[in-house]
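Listed below are the residues making up each chain.
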Amino acid sequence: MALMTVDQVAEFLGVQAIRVERLARENLLVPADKDSDGKPMFDAEDVKRYKTLAERLGGL
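Residues numbered from 1 in each chain as written. Predicted model: local features only at pLDDT ≥ 70, side-chain atom pairs only at ≥ 80, totals over all residues. Heavy atoms only, no water.

Draft legend 1. Up close: the sheet that holds strand β3 (residues 40-43). Strand order in this open sheet of three strands is β1-β3-β2, and the pairing throughout is antiparallel. The open sheet terminates on both sides in strands that have one partner only, identified here as β1 (3-4) and β2 (33-34). Where β2 meets β3, two bridges bridge the pair, whose relative direction is antiparallel. Paired with Lys 34 across the strands is Pro 40, a residue of β3. Lying on the sheet, helix α3 (residues 44-56) is in contact with β1 and β3; it crosses β3 at an angle near 75°. (Pairing = 2+ DSSP bridges. Helix = DSSP H or I, 4+ residues; strand = E, 2+ residues; numbered from the N terminus. Contact = heavy atoms within 4.5 Å. Axes fitted to C-alpha atoms, helices over the stretch in contact; angles between N-to-C directions.)

In structure tokens, the structure reads:
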């Protein structure tokens, strides 16, 4: 399982980091773990699936 930081997810999705944090708070993108600073880390496969779903629903 490859983990991605908030900034990596934001870059992959083409959104701001604050938006990724909001998605995590709203449980739309569920963190797999937390880093040493307590920031969420996301499974790369989950992020890819979320992007596919969001595009099908009309975009991010």
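Draft legend 2. Looking closely at the nonpolar core. Ranked by size, the top nonpolar core spans 15 residues in total, and within it Val 9, Leu 13, Val 20, Leu 29, Phe 42, Val 47 and Tyr 50 carry the most contacts. Taken together, the elements giving at least two residues each to this core come down to α1 (6-13), α2 (17-25) and α3. Here Leu 13 is in contact with Val 47, Tyr 50, Lys 51 and Leu 60, once residues within four sequence places are set aside. (Core = buried A, V, L, I, M, F, W, Y, C linked by side-chain atoms within 4.5 Å. Buried < 20%, exposed > 50% of the residue type's maximum accessible area, 1.4 Å probe, protein only.)

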